[in-house]
Amino acid sequence: MLLTKIQQEIIDADGNLLVTGGPGSGKTTISILKAGRIVDQHLSLGQRVLFLSFARATVARVIEAIEHEHKIPTSQKACIHVETYHSFFWRILKTHGYLIGLPRRLTILTPPGEAIALSHIRTNFPSRKITPEQEQAKLLAEETERKRLAYEEGQVCFDLYAPLVGDLLHRSSRIRKLVADMHPVIILDEFQDTNTAQWQVVQALGEFCRLIALADP
């Protein structure tokens, strides 16, 4: 692959980066090459570059791209870890969630399970012609029940992952440092889809981690 001037500047740049480009512009390929450079020049034994994406399909595609990238030695590829945001958040919650009051034993509350758990609330509101006041009351009741399930029963739904991890990271500099010790560089794929709660997590990670964000314009 012949790199353009801008692509080479990305490879050579230090510090936090925001890399923008449309689909097929080569953001993933450049980030993989840059990850290999970082592994070679900056990581210590036991450290890995963390590549986060929202979708499992994207994670699989990135893993395949890493495996087929001939410019990166196998030993360096082993130091690039790819997973979804939810998987990363879940690892943090399972290990450190008790520090914010969650039970020691946590289980994932899947969307079907969440729908069943909230069904008794939803049946109390009309399914059609719901007023704005009723909609607001319904959302508040659902959010209250999600938090109760998490803090009392240890059942955590996907929508709470980012808010809980953000709370945990902002409260504890020690955990922020632990994450940075393991993953001093984090690549954030599909960054344009980051919501407010996920942005809070990114802000906390950025204190000690070097961040490389990949985004559509």
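Definitions and limits used
- Residues numbered from 1 in each chain as written.
- Predicted model: local features only at pLDDT ≥ 70, side-chain atom pairs only at ≥ 80, totals over all residues.
- Heavy atoms only, no water.
- Disulfide = S-S within 2.5 Å.
- Axes fitted to C-alpha atoms, helices over the stretch in contact; angles between N-to-C directions.
- Helix = DSSP H or I, 4+ residues; strand = E, 2+ residues; numbered from the N terminus.
- Parallel < 35°, antiparallel > 145°, perpendicular 65-115°, else oblique.
- Left-handed = near helix turned anticlockwise from the far one by under 90°.
- Contact = heavy atoms within 4.5 Å.
- Nonpolar A, V, L, I, M, F, W, Y, C, P; charged D, E, K, R; others polar.
- Salt bridge = Lys/Arg side-chain N within 4 Å of Asp/Glu carboxyl O.
- Buried < 20%, exposed > 50% of the residue type's maximum accessible area, 1.4 Å probe, protein only.
- Core = buried A, V, L, I, M, F, W, Y, C linked by side-chain atoms within 4.5 Å.
- Lys, Arg positive; Asp, Glu negative; His and termini not counted.
- Pairing = 2+ DSSP bridges.

Caption draft 1: Spatial organisation of the state of the cysteines. Following the criterion strictly, the structure yields zero disulfides and no others. Looking at the unpaired C209, the closest cysteine sulfur is the one in C79, lying at 16 Å.

Caption draft 2: Quick look at the packing of helix α6 (residues 111-122) against helix α7 (residues 132-153). Two numbers describe how α6 lies on α7: the axes approach to 10 Å, and their chain directions differ by 135°. One way to sum up the angle between α6 and α7 is to call them oblique. For the pair α6 and α7, the crossing hand works out as right-handed. The segment α6 lies against α7, with E114, A117, L118, H120, I121 and R122 engaging K138, A141, E142, E145, R146 and L149. Split into classes, the residues belonging to the contact of α6 with α7 amount to five nonpolar, one polar and six charged.

Caption draft 3: Expanded view of the pattern of salt bridges. For the structure on display, the rule yields 13 salt bridges. Between R176 and E207 there is a salt bridge, and its shortest N-O distance comes to 2.6 Å. Here E207 lies in the loop between α10 (196-205) and β7 (210-215) and R176 lies in helix α9 (residues 173-182), a separation of 31 residues in the sequence. With relative accessibility at 10%, the residue R176 sits in the buried group. Among the ionic contacts, a cluster of salt bridges with common partners joins E114, R122, E142, E143 and R146.

Caption draft 4: Just the nonpolar core, in detail. One finds F88, F89, L93, V156, I186 and L188 to be the most contacted residues of the largest nonpolar core, which totals 37 residues. It is helix α8 (residues 158-171) that provides the largest number of residues to this core, a total of seven residues. Other than its neighbours up to four places away in sequence, F89 contacts Y161, A162, V165, Q198 and V201.

Caption draft 5: Highlighting the side chain of K34. Checked against the element boundaries, K34 lands in helix α2 (residues 27-41). Despite its burial, K34 remains without a salt bridge, the nearest opposite charge being carried by D14 at 5.8 Å. Ignoring sequence-local partners within four residues, the contact set of K34 consists of I10, I11, D12, A13, L17, R210 and I212.

Caption draft 6: Structural context of the pairing of strand β2 (residues 49-53). Counting buried residues in β2 gives five out of five residues, a clear majority hidden from the surface. Two strands pair when backbone bridges link them, and β2 and strand β3 (residues 80-84) are joined in this way by five bridges, in the parallel orientation. Directly across from L52, in β3, lies its bridge partner E83. As defined by bridge partners, β2 adjoins strand β6 (residues 185-188) across three bridges and the pair is classed as parallel. Counted as the bridge partner of L50 is I186 from β6.

Caption draft 7: Region of the structure containing unusual backbone geometry. The backbone of K129 sits at a positive phi, close to 55°, despite the residue not being glycine. Tracing the backbone shows K129 in the loop between α6 and α7. In the Ramachandran plot, E190 falls in the positive-phi region, its phi being about 50° despite a non-glycine side chain. Positionally, E190 belongs in the loop between β6 and α10.

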